[in-house]
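Each chain is listed here by its residues.
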Amino acid sequence: MRITEIYHSIQGESTYVGLPCVFVRLTGCSLRCSWCDTTYAFHGGTDMTIDHICEQVRSYDTALVEITGGEPLDQADVFPLVQRLCNEEYEVLIETSGAIDITPLDTRAHVIMDVKCPASNMAKFIYWGNLNSIQLKDEVKFVLADRADYDWAVAVIADYGLGSRCPILFSPAFGILEPHVLSDWVLQDRLKVRVQLQLHKYIWDPQAQGV
């Protein structure tokens, strides 16, 4: 597999925010979101076997592991990697763009699926069938850049009945949408979602890698 980095940090997003976590960042992504903050993972990386990856993960002695990218599901070997980590009794999170079918993933893993809003310029690549496969253990995330994104996300939640099916995360695009503005919209609409910030960008430099 092509790996950009493996590192130990604080989980900055999702309902697992604040917990120590080992991140395995795979190289490559077929999407080009307008607000992407990990463009360095599009190219390069190092070839590693699943055995080598698991060895590095074990070295951190941390039970929570996130597989991310780029887009991790672009690499076919991610599926046996997830299975292996689940077999080793890690709690495994998969951060995915939602453009690729999630059903081949080990059902023990927790999918955190990013539904691409219009301002990302990538909404046309959404694999909508994934929203029918989401389970209570999974999470759906919307990164919002403006009010149009917000209204679009609210409509998607209603259309797919997501409110009663899994946790929903609303994240303001960093440096584009002010968190207090998004929070006001959510409160005004009595929306049952979790407003989340990227905690790691407030702990460390927002441009820092490996955190």
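Below: a short report on this structure. (Residues numbered from 1 in each chain as written. Predicted model: local features only at pLDDT ≥ 70, side-chain atom pairs only at ≥ 80, totals over all residues. Heavy atoms only, no water.)

### Details of the overall build of the protein
Across its full length, the protein holds six helices and nine strands. What you see for the protein is a C-alpha radius of gyration of 16 Å, in line with the 17 Å of a compact globule of 211 residues. Burial status across the protein gives 49% buried among its 211 residues. Sequence-distant contacts, at least 24 apart, represent 68% of the contacts inside the protein between residues at least 6 apart. (Helix = DSSP H or I, 4+ residues; strand = E, 2+ residues; numbered from the N terminus. Rg over C-alpha atoms; globule rule 2.2 N^0.38 Å. Buried < 20%, exposed > 50% of the residue type's maximum accessible area, 1.4 Å probe, protein only. Contact = heavy atoms within 4.5 Å.)

### Some thoughts on the side chain of E5
Considering the arrangement of structural elements, one finds E5 in strand 1 (residues 2-10). Engagement of the side chain of E5 in a polar contact is seen with the side chain of Y40, the distance being 2.7 Å. (Polar contact = N/O pair within 3.5 Å; in protein donor to acceptor, adjacent residues only side chain to side chain.)

### Observations concerning the packing of aromatic side chains
Counted under the stated rule, the structure contains seven aromatic pairs. Considering the side-chain rings of Y7 and F23, the 5.1 Å spacing of their centres and the 10° angle between planes classify their relative orientation as stacked. In this pair, Y7 is assigned in strand 1 and F23 in strand 2 (residues 20-26), connecting sequence segments 16 residues apart. Here the aromatic residues F142, Y150, F170 and W185 are joined through ring pairs into a cluster of three or more. Above the ring of F42, the side-chain terminus of R32 is found at 3.7 Å from the ring centroid. Taking the ring centre of W185 as reference, the NZ or CZ of R147 above it sits at 5.1 Å. (Phe/Tyr/Trp six-rings, centres within 6.5 Å; stacked < 30°, edge-to-face > 60°. Lys NZ or Arg CZ within 6 Å of the ring centre and 35° of its normal.)

### Some remarks on a nonpolar patch on the surface
A cluster of nonpolar residues, V17, L199, I203 and W204, forms a patch on the protein surface that exposes about 300 Å² of accessible area. Structurally, L199 can be placed in helix 6 (residues 199-203). (Patch = residues over 30% accessible without salt bridge, like charges linked within 9 Å, V, L, I, M, F, W, Y side chains within 5 Å. Areas by Shrake-Rupley, 256 points an atom, 1.4 Å probe, with all protein chains shown as cover. Salt bridge = Lys/Arg side-chain N within 4 Å of Asp/Glu carboxyl O.)

### Brief notes about the pairing of strand 6 (residues 110-114)
With five of five residues buried, strand 6 lies mostly within the body of the structure. With burial as the criterion, each face of strand 6 is covered, one bearing H110, I112 and D114 and the other bearing V111 and M113. Direction of pairing for strand 5 (residues 91-96) relative to strand 6: parallel, over a ladder of four bridges. What sits directly across from I94, in strand 6, is V111. Relative to strand 7 (residues 139-144), strand 6 runs parallel, the two being bridged by three bridges. Residue pairing for strand 7: I112 is matched across the bridge by E139. (Pairing = 2+ DSSP bridges.)

### Brief notes about the sheet that holds strand 9 (residues 194-195)
Strand order across the open sheet formed by nine strands is 3-1-2-4-5-6-7-8-9, with mixed pairing between neighbours. The open sheet terminates on both sides in strands that have one partner only, identified here as strand 3 (46-47) and strand 9. Relative to strand 9, strand 8 (residues 168-172) is paired through two bridges, and the arrangement is parallel. The partner of F170 across the bridge, within strand 9, is V195. Of the strands in this sheet, strand 2, strand 4 (64-68) and strand 5 are in contact with helix 2 (residues 78-87), which crosses strand 4 at around 175°. (Axes fitted to C-alpha atoms, helices over the stretch in contact; angles between N-to-C directions.)

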